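# Breakdown of the fold
Residue strings, one per chain:
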Amino acid sequence: MDKKGRTNRLLSRLAVGLMLAAMALFTGCPNKITVKPETFAVTFSAGEHGTLKAKAEGIAETETSPITIEQGKTVTFRATPDSGYRVKGWTCDGEAVNGTNAFYSFTVTKGVEVKVSFESNSVPPTPPSGDVGSFEDTGDGFIKISPPAAGITGKDLTYTLPGTGEHWKGVFREGRKVKLSPYKLGKTEVPYEVWYEVRIWAESNGYAFANKGSEGKDGSEGAAPTELNKKHPVTSVSWRDCIVWCNAYTQKIKGEGECVYRKSKTDTTVLKDATKGSECDAAYADMSKKGYRLPTEAEWEYAARWQGSDNTNAEQYGEVWLTKLNSASGAKADWNNADETKAVAWYDANSDRKTHPVGEKRSNALGLHDMSGNVWEWCFDRYGNIEAEDGTDPQGAPAASGALRVIRGGSWSYDAYACVVGGRSNSIPDYGNVSLGLRLVSRP
């Protein structure tokens, strides 16, 4: 083959190689097209006597409005009243939302305008209209709750619960009417620093405990509070420990005469020893006293569900709206909505497998925190047949139903469905673990 022929053959092979390389480039390695998510402007402002800050994923907390947020991201607002003032109300695009809570969160789907207003603490809160009950922050860590005078008449459900068992249906059942006297409920679960201070005093004043309590999930039993975790809820305390501790706290603050838990209706000896199991299990609760105690199950559920005249994610019982049984306390959607459940509760999806300081999550309509999640909360009631109970201030099933006591609310170690306000669970009265604590009640 002459020189010209060899040159033509070489050029032909080179052309084929380049063509194959180009084909591989365009078929084997296609260009990637990145579509940026849609963003929206969220405008916010505060009235006089306070500030409003917003934050979202990738955006540090700021007072500067507006902020631009990607669709599907959650934005959280924090209202901070000046000294002597409180949150009066919120609006989103002109509609009232969120009651008087200090925090407000939602998932961004469009551009909106959020406003918050403040009012003086010296102005009494405006009660909702109608027989829907009322509430008042008494300034001592408690919310005074005044249920409707007509009581709550139960009803059948029109929505899906996490399961089909009776234990998902709460206490306000079809055909049952419950009247509750006014009561004061703690805004948070009892933090370890408070438990420890009272227990140390109590043990020097004739009280005894079967369990000394732990500082949240990782604390050592009975150890002094740490600066890092002292606000975590007390855990690892039994029902017996709790009623004795309530008596001790009452005696320390209000005097022994106001202690609630007595040996019996006729033997008014104050219970002071949690190691005496049979005495504690037969405890009589003198509800005329103004001492500290555990909530009854009906008190707990009413407080977890009350929304007054707000029908968001709620059903109407008489004139009052109560959060649906399939939702966490304070959530605006059912337990399947992770954003809403995470906004109000510490549970297995967001707790990092541990307890958290009380009061960090968004409160419910009454201003109560952690009614769902963080730790299960002991109630006074025996666990039994709800249909057998009725009337005013019910205290649970009769002694013949067994020793089990009610726990409510779910915890950091359980799934979202355990945080729903209708879920009922139970434990034996001498048992305590790192998922179980308490919240206090007293008479006004």
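Refer to the structure printed above.
Residues numbered from 1 in each chain as written. Predicted model: local features only at pLDDT ≥ 70, side-chain atom pairs only at ≥ 80, totals over all residues. Heavy atoms only, no water.

### Some remarks on the overall build of the chain
Each helix and strand in the chain was counted, giving six helices and 26 strands. For the chain, restricting intrachain contacts to residue pairs at least 6 apart in sequence, the fraction spanning at least 24 positions comes to 68%. With an accessible surface of roughly 20300 Å², the chain has 51% of that area assigned to carbon and sulfur atoms. (Helix = DSSP H or I, 4+ residues; strand = E, 2+ residues; numbered from the N terminus. Contact = heavy atoms within 4.5 Å. Areas by Shrake-Rupley, 256 points an atom, 1.4 Å probe, with all protein chains shown as cover.)

### Observations regarding the nonpolar core
Counting residues in each nonpolar core, the largest one holds 38 residues, and the members touching the most others are Ile243, Trp245, Tyr261, Leu294, Leu438 and Leu440. Looking at this core, the elements with two or more residues in it are helix 2 (192–203), helix 3 (239–254) and strand 21 (376–382). A per-element tally of this core places helix 3 first, with eight residues. By size, the runner-up hydrophobic cluster in this structure holds 28 residues, among which are Val132, Tyr183, Cys379 and Val421. (Core = buried A, V, L, I, M, F, W, Y, C linked by side-chain atoms within 4.5 Å. Buried < 20%, exposed > 50% of the residue type's maximum accessible area, 1.4 Å probe, protein only.)

### Here's the deal with the packing of aromatic side chains
Both the distance between ring centres and the angle between the ring planes are used here to describe each pair of aromatic rings. A full pass over the atoms with the stated rule returns 17 aromatic pairs. In this arrangement the basic side chain of Lys361 is found over the ring face of Trp346, its NZ or CZ atom lying 4.1 Å from the centre. Lying across the ring of Phe380, Arg405 places its NZ or CZ 5.3 Å from the centre. (Phe/Tyr/Trp six-rings, centres within 6.5 Å; stacked < 30°, edge-to-face > 60°. Lys NZ or Arg CZ within 6 Å of the ring centre and 35° of its normal.)

### Section: the sheet that holds strand 24 (residues 424–427)
Read across the open sheet, the four strands follow the order 24-23-21-25; overall the sheet is mixed. Only two strands of the sheet have a single partner each, and these edge strands are strand 24 and strand 25 (436–437). Judged from the two bridges that link them, strand 21 and strand 25 form a sheet pairing that is parallel. Residue pairing across strands places Glu377 opposite Gly437, the latter belonging to strand 25. (Pairing = 2+ DSSP bridges.)

### Description of the pattern of salt bridges
A full pass over the atoms with the stated rule returns 27 salt bridges. Here Glu166 makes a salt bridge to Arg173, at a shortest N to O gap of 3.0 Å. Judged by relative accessible area, which is 42%, Glu166 ranks as partly exposed. You can call Arg173 buried: its relative accessible area is 8%. Across the pair Arg443 and Glu299 runs a salt bridge whose closest N-O atoms are separated by 3.8 Å. Taken together, the positions of Arg443 in the segment after strand 26 (441–442) and Glu299 in helix 5 (residues 297–305) put the pair 144 residues apart, joining distant regions of the chain. (Salt bridge = Lys/Arg side-chain N within 4 Å of Asp/Glu carboxyl O.)

### Side note on the pairing of strand 1 (residues 39–46)
Sheet topology places strand 1 next to strand 4 (residues 67–70); four bridges connect them, and they run antiparallel. Paired with Val42 across the bridge in strand 4 is Ile67. The sheet contact formed by strand 1 and strand 9 (residues 112–120) spans five bridges and is parallel. The residue bridging Ser45 from the neighbouring strand is Lys115, located in strand 9.

### Things to note about the packing of helix 2 against helix 3
At a minimum axis distance of 9 Å, the contact between helix 2 and helix 3 shows a crossing angle of 75 degrees. With respect to helix 3, the axis of helix 2 lies roughly perpendicular. Contact with helix 2, carried on its side by Val194, Trp195, Glu197, Val198, Arg199, Trp201 and Ala202, involves Asp241, Cys242, Trp245, Ala248, Tyr249, Gln251 and Lys252 of helix 3 and no other residues of that element. In terms of residue class, the contact of helix 2 with helix 3 is made up of nine nonpolar, one polar and four charged. (Axes fitted to C-alpha atoms, helices over the stretch in contact; angles between N-to-C directions. Parallel < 35°, antiparallel > 145°, perpendicular 65-115°, else oblique. Nonpolar A, V, L, I, M, F, W, Y, C, P; charged D, E, K, R; others polar.)

### Quick notes on the environment of Glu203
Structurally, Glu203 is set in helix 2. Along the primary structure Glu203 and Ala248 are separated by 45 residues, whereas in three dimensions their C-alpha atoms are 9.1 Å apart. Discounting chain neighbours no more than four positions away, the residues touching Glu203 are Phe209 and Lys212. A polar contact of 2.8 Å, which involves the side chain of Glu203, links it to the side chain of Lys212. (Polar contact = N/O pair within 3.5 Å; in protein donor to acceptor, adjacent residues only side chain to side chain.)

### Examining unusual backbone geometry
As a rule of thumb, non-glycine residues mostly have phi less than zero, and peptide bonds are mostly trans rather than cis. Cis geometry marks the peptide bond from Ser65 to Pro66; its omega dihedral reads 0 degrees. Looking at where Pro66 falls in the secondary structure, it is placed in the loop between strand 3 (59–62) and strand 4. Its identity as a non-glycine residue notwithstanding, Asp93 has a phi of 55 degrees, on the positive side. Topologically, Asp93 is positioned in the loop between strand 6 (85–92) and strand 7 (95–97). In this structure, Asn374 takes a positive phi of about 70 degrees despite not being glycine. Within the secondary structure layout, Asn374 lies in the loop between helix 6 (338–344) and strand 21.

Interpretation in functional terms is not warranted from these geometric data alone.
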